[in-house]
Amino acid sequence: VGSEMCIRDSISTRGQAPSLGFEDVLLTGLASDGGLYVPETLPQFSHQEIASWATLNYADLAHKILLPFVEDDISSSELKIMVDETYAGFNHKAIAPLVQLDHNEWVLELFHGPTLAFKDFALQLLGRLMDNALVKRDQNLVIMGATSGDTGSAAIEGCRHSERVKMFILHPHERVSEVQRRQMTTILGDNIHNIAVRGNFDDCQQMVKHSFSDQAFLKGGQLGAVNSINWARIMAQIVYYFYAAVALGGPHRPVSFSVPTGNFGDIYAGYLAKNMGLPIAQLIVATNQNDILHRCISANQYQKKGLVQTLTPSMDIMVSSNFERLLFDLYDRDGAALAELISSLNNGTTNSLEPQRWEKARQLFSSHCVNDDKTCDVIRQTVHQHNYLLDPHTAIGLEAGRVCNQRLEVPMVTLATAHPVKFPDAVVKAKQAVPPLPEHLTDLMQRPERCQVLDNDLTKVQQYMTSQL
Ligand SMILES: *Cc1c(COP(=O)(O)O)cnc(C)c1O
């Protein structure tokens, strides 16, 4: 028996790329066959073990849940240090506090990290994990990422002190909120490059995808990913499902989650938590009017429509990359079948799943789509009825949780994915007062910015990148 044998490699959803250990996946992002990496097996936790976690604080719980995923490459004590540092940078002692709105109705506040959105949970850790691996290997990494707002600021904040990482973040020009933009462009470190693309988020995402599949423009350099195609991000997000459920009486009692969904990363982490042994009654996919996932889950219609600009820009996407990870399971982890499905969906020869696969998806998820008017109604009503200001993404989650709730005796937890101050347009439209920026950001609007505006042209973007390397 080889002592080198890895116990938890990851495999590609398209079945052609080599399986890789944790740190290789961390630094690679997209698999070489165009697929996404997923672990070959998941750690399993018994009810007894989950129950014993009731006394753990967030960082200690994260250490317990994440260690089995990384222990081939990272020691328990190394992970402990990284996790402790990550969550020490949050601005709430509980890290992910639960707020009760109504009987059996809860909001899990995931916006107490440095950039005020849930993406800090994963990206603050990702920066540390990458640095740790790059120092060990004496390597450097060029990171390229697309953002509709929140990923970019969280990624930049997570990697700004890394001497091993050069980061290029593409955002759609004039389509992110001013707070979001400034959270990216006011970080002036030499290794941070913001690119505003004259296009929409999907244009940015396409450029990143093309650059990953053909990295020749880097002349030997290696691209790393901070989008949720990076498995390590999904992994870190599994933790708060356990944290919330245990706080509400799990595993003795099931809990349901409603998740404002864009790229399907966050809710996919909830699906994994369930597969690892956490009793979850319902997982609800809450979408805005860019509702391909809702149409797929509710009616087996997977048709791309034009992008609609909504009050919830972090969910304005036409195609959700991480949905492929779920499809992989629905197609019994048959990489060849999945590669074929993805190409038929992309070229339009198919726009639905095989009926029995779709049935499985419906058993696993409920879904609902909420438009801008309803989003504002929910924000307004929640202030009046509960004296609580929701960000618009969270408002969509709350509404979907109410509409889709099948078991009123089960606690319904909506993931509060952002702080309302990040989305003042929606708050104003809902006729509510915009709250002040938290203390660590009070001078954000006065800080100097640096950003390169470029045409929606892959060659120009790649030329700019190489000129900065
Ligand atoms: C990123 C984001 C989402 C969508 O999360 P996915 O993992 O892409 O589904 C929802 N709300 C906010 C505020 C976000 O930043």
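Here the residue index of a chain counts from 1 through its sequence in written order. Restriction of local features to residues with pLDDT of at least 70 applies here, the model being predicted, together with a cutoff of 80 or more for giving and counting side-chain atom pairs; totals for whole chains, interfaces and linings are based on all residues. Derived side-chain values reflect all non-hydrogen atoms in the structure, with water molecules and hydrogen atoms excluded from consideration.

S.K.: How would you sum up the overall build of the protein chain? Please name residues and give values.
M.R.: A tally of helices and strands in the protein chain yields 18 helices and 13 strands. Taken over the C-alpha trace, the protein chain has a radius of gyration of 21 Å; the compact-globule value for 469 residues is 23 Å, and the two agree within 12%. Across its three principal axes, the protein chain shows a C-alpha extent of roughly 60 × 60 × 50 Å. A separation threshold of at least 6 residues defines the contact pool for the protein chain, and within that pool the share at least 24 residues apart is 76%. Averaged over its 39 positive side-chain charges, the protein chain has a centre that lies 3 Å from the centre of its 51 negative ones. Numbering of helices and strands starts at the N terminus; helices are DSSP runs of H or I of at least 4 residues and strands are runs of E of at least 2. The size measure is the radius of gyration over C-alpha atoms, and the globule rule it meets is 2.2 Å times the number of residues to the 0.38 power. Whether two residues are in contact is decided by their heavy atoms: any pair within 4.5 Å suffices. In this tally Asp and Glu are treated as negative and Lys and Arg as positive; neither His nor the chain ends contributes. Taken as the charge centre is NZ of Lys, CZ of Arg, CG of Asp or CD of Glu, depending on the residue.

S.K.: Got a sec to walk through the nonpolar core? Specific residues and values, please.
M.R.: Considering soluble globular proteins, one finds that nonpolar side chains tend to be buried as a cluster. The set of buried Ala, Val, Leu, Ile, Met, Phe, Trp, Tyr and Cys residues whose side-chain atoms join them within 4.5 Å is what this entry labels a nonpolar core. A simple rule labels every residue: compare its accessible area, found with a 1.4 Å probe on the protein chains alone, to the largest value its type can have, and call it buried under 20%, exposed over 50%, or partly exposed in between. The biggest cluster of nonpolar side chains holds 109 residues, and the ones touching the most others in it are Y58, I65, M167, I238, F242 and F257. With 14 residues, helix α9 (residues 231–247) is the largest single contributor of residues to this core. With near-sequence residues (within four places) excluded, Y58 lies in contact with Y87, A94, I95, A96, F121, A236, V239, Y240 and Y243. Formed by 24 residues, the second largest nonpolar core is a distinct cluster that contains M144, L170, V208 and I317.

S.K.: Hey, could you go over the site of the ligand for me, with residue numbers and the actual values?
M.R.: Taken together, 15 residues lie around the ligand, and K119, D150, G262, N263 and D266 are the ones closest in. Between the ligand and the protein, one listed contact pairs an oxygen atom with a side-chain N or O atom of D150 at 2.4 Å. Note on areas: Shrake-Rupley, 1.4 Å probe, and residue coverage restricted to the protein chains presented here. Isolated, the ligand exposes 380 Å² of accessible area, and the fraction of that covered by the protein chains is 97%. Whether a residue is near a molecule or strand depends on its heavy atoms: it is near if one of them lies within 4 Å of it. Definition of a polar contact: a pair of N or O atoms within 3.5 Å, with one able to donate and the other able to accept a hydrogen when the atoms are protein atoms, and with sequence-neighbouring residues admitted only if both atoms are side-chain atoms.

S.K.: Outline the environment of V83, supporting the account with residue identities and numerical values.
M.R.: Tracing the backbone shows V83 in helix α4 (residues 76–88). According to the relative accessible area criterion, V83 is buried, its value standing at 0%. For the pair formed by V83 and R198, sequence separation is 115 residues and the distance between their alpha carbons is 37 Å. Leave out the neighbours within four places in its chain, and V83 touches A59, A62, H63 and L125.

S.K.: Any details on the sheet that holds strand β13 (residues 452–455)? Residues and values, ideally.
M.R.: Strands pair, by our definition, only if DSSP identifies at least two bridges between them. Pairing is parallel in the open sheet, where five strands are placed in the order β8-β5-β6-β7-β13. At either margin of the open sheet sits one strand with a lone partner, and together these are β8 (223–224) and β13. When strand β5 (residues 141–146) meets strand β6 (residues 165–172), the two strands line up parallel, connected through six bridges. Considered in β6, the bridge of V142 is made with K166. Against the sheet, helix α8 (residues 201–213) makes contact with β5, β6, β7 (192–198), β8 and β13, and its axis sits at roughly 150° relative to β5, the strand it touches most. Axis definition: a line fitted to C-alpha atoms, over the contacting stretch in the case of helices. Angles run 0 to 180 degrees between N-to-C directions. Packing against the sheet, helix α18 (residues 458–468) makes contact with β5, β6, β7, β8 and β13, and its axis sits at approximately 145° to β13.

S.K.: Please provide a residue-by-residue account of the packing of aromatic side chains, values included.
M.R.: Here is the rule: rings of Phe, Tyr and Trp (six-membered ring for Trp) pair when centre to centre is within 6.5 Å. Planes less than 30 degrees apart are stacked, more than 60 are edge-to-face, and the remainder are tilted. All chains considered together, the criterion is met by 18 aromatic pairs. With a centroid separation of 5.1 Å and an interplanar angle of 80°, the aromatic rings of F121 and Y240 are classed as edge-to-face. On the criterion of sequence distance, the pair formed by F121 in helix α5 (residues 119–137) and Y240 in helix α9 is long-range, its members being 119 residues apart. The buried category is assigned to F121, whose relative accessible area is 0%. Taking the relative accessible area as the measure of exposure, Y240 reaches 0% and is therefore buried. Cluster of aromatic residues (ring-pair linked, three or more members): Y58, Y87, F90, F121, Y240, Y241, Y243 and F257.

S.K.: Talk me through the packing of helix α12 (residues 323–330) against helix α13 (residues 335–347); I want residue IDs and the actual numbers.
M.R.: Running from N to C, α12 and α13 cross one another at 130°; their axes reach a closest spacing of 9 Å. For the element pair α12 / α13, the angle class is oblique. In the packing of α12 onto α13, the handedness of the crossing is right-handed. Judged by residue contacts, E324, L327 and F328 of α12 engage G335, L338, L341 and I342 from α13. Three residue categories are used. Nonpolar comprises Ala, Val, Leu, Ile, Met, Phe, Trp, Tyr, Cys and Pro, charged comprises Asp, Glu, Lys and Arg, and polar comprises the others, including Gly. Taken together, the residues of the contact of α12 with α13 sort by class into five nonpolar, one polar and one charged. Should an angle fall under 35 degrees it is called roughly parallel, over 145 degrees roughly antiparallel, and 65 to 115 degrees roughly perpendicular, with every other angle called oblique. Each crossing gets its hand from how the near helix is turned against the far one by less than a right angle, where anticlockwise is left-handed and clockwise is right-handed.

S.K.: Mind laying out α12, listing which residues take part and the relevant values?
M.R.: Residues three or four positions apart in an α-helix share a direction because the helix packs 3.6 residues into each turn. The buried fraction of α12 amounts to eight of the eight residues, a majority that puts the element mostly inside the structure. Among the residues of α12, those classed as buried are F323, E324, R325, L326, L327, F328, D329 and L330. Remark: D332 follows α12 within two positions and exhibits a positive phi of approximately 50°.

S.K.: With reference to specific residues and values, describe the pattern of salt bridges.
M.R.: We define a salt bridge as a contact between a side-chain nitrogen of Lys or Arg and a carboxyl oxygen of Asp or Glu at a distance within 4 Å. The final tally for this structure, using the stated rule, is 26 salt bridges. With a closest N to O distance of 3.1 Å, R182 and E178 form a salt bridge. Of this pair, R182 and E178 both sit in helix α7 (residues 178–185), four residues apart, roughly one helical turn. Residue classification places R182 among the buried residues on the basis of a relative accessible area of 10%. A salt bridge links R333 to D329; the nearest nitrogen and oxygen atoms lie 2.9 Å apart. The exposure class assigned to R333 is partly exposed, which follows from its relative accessible area of 32%. In this structure D329 comes out as buried when scored by relative accessible area, which is 17%. Taken together, the salt bridges that share partners define one network made up of E178, R181, R182 and E449.

S.K.: Explain the side chain of Q205 to me, and be specific about the residues and the numbers.
M.R.: Counting through the fold element by element, Q205 comes out in helix α8. Beyond its immediate stretch of four places on either side in the chain, Q205 contacts A146, N263, V319 and S321.

S.K.: Could you give an account of the sheet that holds strand β11 (residues 366–369), naming the residues involved and the relevant values?
M.R.: Sheet strands line up and pair through hydrogen bonds in the backbone, either parallel or antiparallel. One open sheet accounts for six strands, arranged β3-β4-β12-β9-β10-β11; its pairing is mixed. What marks the edges here is a single partner per strand, and that holds for β3 (98–102) and β11. For this sheet, the mean inter-axis angle between neighbouring strands, taken without regard to orientation, is 25°. Direction of pairing for strand β10 (residues 280–287) relative to β11: parallel, over a ladder of four bridges. In the strand pairing of β11, A286 is matched with H368.

Remember that the coordinates give geometry; whether it matters functionally is a separate question.
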